[in-house]
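# Coordinate analysis (summary)
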Amino acid sequence: MEKKNRRHIILHEELPAEHEDPLIRVLHIVIRASIRFLAVLMALVIMWSVADVVWVLYQRMSTEPKLLLDHGDLFDVFGAIMLVLISIEIFINIRLYLGSNVIPIQLVVATALMAIARKVIVLDLDDTGPEFVAGIAMTTLALGVTYWLIAKKETLACEPRGAARDDGQGKSLAD
């Protein structure tokens, strides 16, 4: 019963703690230590980035005209904030990987979506060609469909087998 109620997640083991080859086992330990070091570095980068956002905002608000931001300043501040949020997502990916020894695929795709969203938010259409905009659009569509498929597969994996699903109008699809 517990197995049926357990949430299924699309995961795969990357660096198993136990491996028959002693060299591979040692290399896995070294890589996991490197990942821990990266987690510490990401935390420092996040703190530095937050301080940078505050500094940029202070600089922009203290220049003439004081306490006013033009659209270029807003794009710079929004871009810096989005970078902090992407850094936090990357840190969460690293933390989850350290805690479970697996890569949470859905979160990685969500992080990529956030990165492309940042690009769209700060995109200056005056300096951007149509090929670049089309490339961003295709990338966004591909990541969106990938995220939707992963979420749909996870939802289907969580449903108990043989359970009747609702068609959205209160009728069972099994009827």
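From a predicted model like this one, the values you see are computed outputs, not experimental measurements.

### Side note on the overall build of the chain
Counting its regular elements, the chain contains 5 helices and 0 strands. Taken from the N to the C terminus, the helices and strands of the chain come in the order α-α-α-α-α. Of the contacts made within the chain by residues no fewer than 6 positions apart, 64% connect residues no fewer than 24 positions apart. Total accessible area on the chain stands at roughly 12,700 Å², and carbon and sulfur atoms take up 67% of it.

### Considering the packing of helix H4 (residues 105-121) against helix H5 (residues 130-158)
In the contact formed by H4 and H5, the axes pass within 10 Å of each other and the chain directions differ by 155°. Here H4 lies roughly antiparallel to H5, going by the angle between them. Seen along the crossing, H4 lies across H5 with a hand that is left-handed. Here Ile105, Gln106, Val109, Ala110, Ala112, Leu113, Ile116, Lys119 and Val120 of H4 come into contact with H5, specifically with Phe132, Ile136, Thr139, Thr140, Leu143, Gly144, Thr146, Tyr147, Ile150, Ala151 and Glu154. Classifying every residue of the contact of H4 with H5 by side-chain character gives 13 nonpolar, 5 polar and 2 charged.

### What about the confidence of the model for the chain?
In this model, the chain carries a mean pLDDT of 80, and residues with pLDDT of at least 70 account for 80%. When the elements of the chain are averaged for pLDDT, helix H1 (residues 2-5) gives the smallest value, 47, and H5 the largest, 90. A low-confidence stretch, residues 1-12 (pLDDT under 50), is modelled with 19 contacts involving residues beyond four sequence positions or located in other chains.

### With respect to the packing of aromatic side chains
This model, assessed by the stated rule, comprises 1 aromatic pair. Between the aromatic rings of tryptophan 55 and tyrosine 58, the centroid separation amounts to 5.8 Å while the plane-to-plane angle is 35°, which identifies the pairing as tilted. You can see tryptophan 55 and its partner tyrosine 58 sitting in helix H2 (residues 22-62), 3 residues apart, about one turn around the helix.

### What to know about the pattern of salt bridges
Should their charged atoms come close, side chains of opposite charge can pair. Following the criterion strictly, the structure yields 1 salt bridge and no others. Note that arginine 60 and aspartate 76 form a salt bridge whose closest N and O atoms lie 2.5 Å from each other. In this pair, arginine 60 is assigned in helix H2 and aspartate 76 in helix H3 (residues 71-100), connecting sequence segments 16 residues apart. Residue classification places arginine 60 among the partly exposed residues on the basis of a relative accessible area of 25%.

### Overview of the environment of tryptophan 48
Mapped onto the elements of the fold, tryptophan 48 is located in helix H2. For tryptophan 48, a relative accessible area of 70% translates into the label exposed.

### Overview of the packing of H2 against H3
Running from N to C, H2 and H3 point in directions that differ by 165°, and their axes come no closer than 9 Å. As far as their axial angle goes, H3 and H2 are roughly antiparallel. Here H2 and H3 pass one another in a crossing that is left-handed.

Analysis parameters
- Residues numbered from 1 in each chain as written.
- Predicted model: local features only at pLDDT ≥ 70, side-chain atom pairs only at ≥ 80, totals over all residues.
- Heavy atoms only, no water.
- Helix = DSSP H or I, 4+ residues; strand = E, 2+ residues; numbered from the N terminus.
- Contact = heavy atoms within 4.5 Å.
- Areas by Shrake-Rupley, 256 points an atom, 1.4 Å probe, with all protein chains shown as cover.
- Axes fitted to C-alpha atoms, helices over the stretch in contact; angles between N-to-C directions.
- Parallel < 35°, antiparallel > 145°, perpendicular 65-115°, else oblique.
- Left-handed = near helix turned anticlockwise from the far one by under 90°.
- Nonpolar A, V, L, I, M, F, W, Y, C, P; charged D, E, K, R; others polar.
- pLDDT = per-residue confidence, 0-100.
- Phe/Tyr/Trp six-rings, centres within 6.5 Å; stacked < 30°, edge-to-face > 60°.
- Salt bridge = Lys/Arg side-chain N within 4 Å of Asp/Glu carboxyl O.
- Buried < 20%, exposed > 50% of the residue type's maximum accessible area, 1.4 Å probe, protein only.

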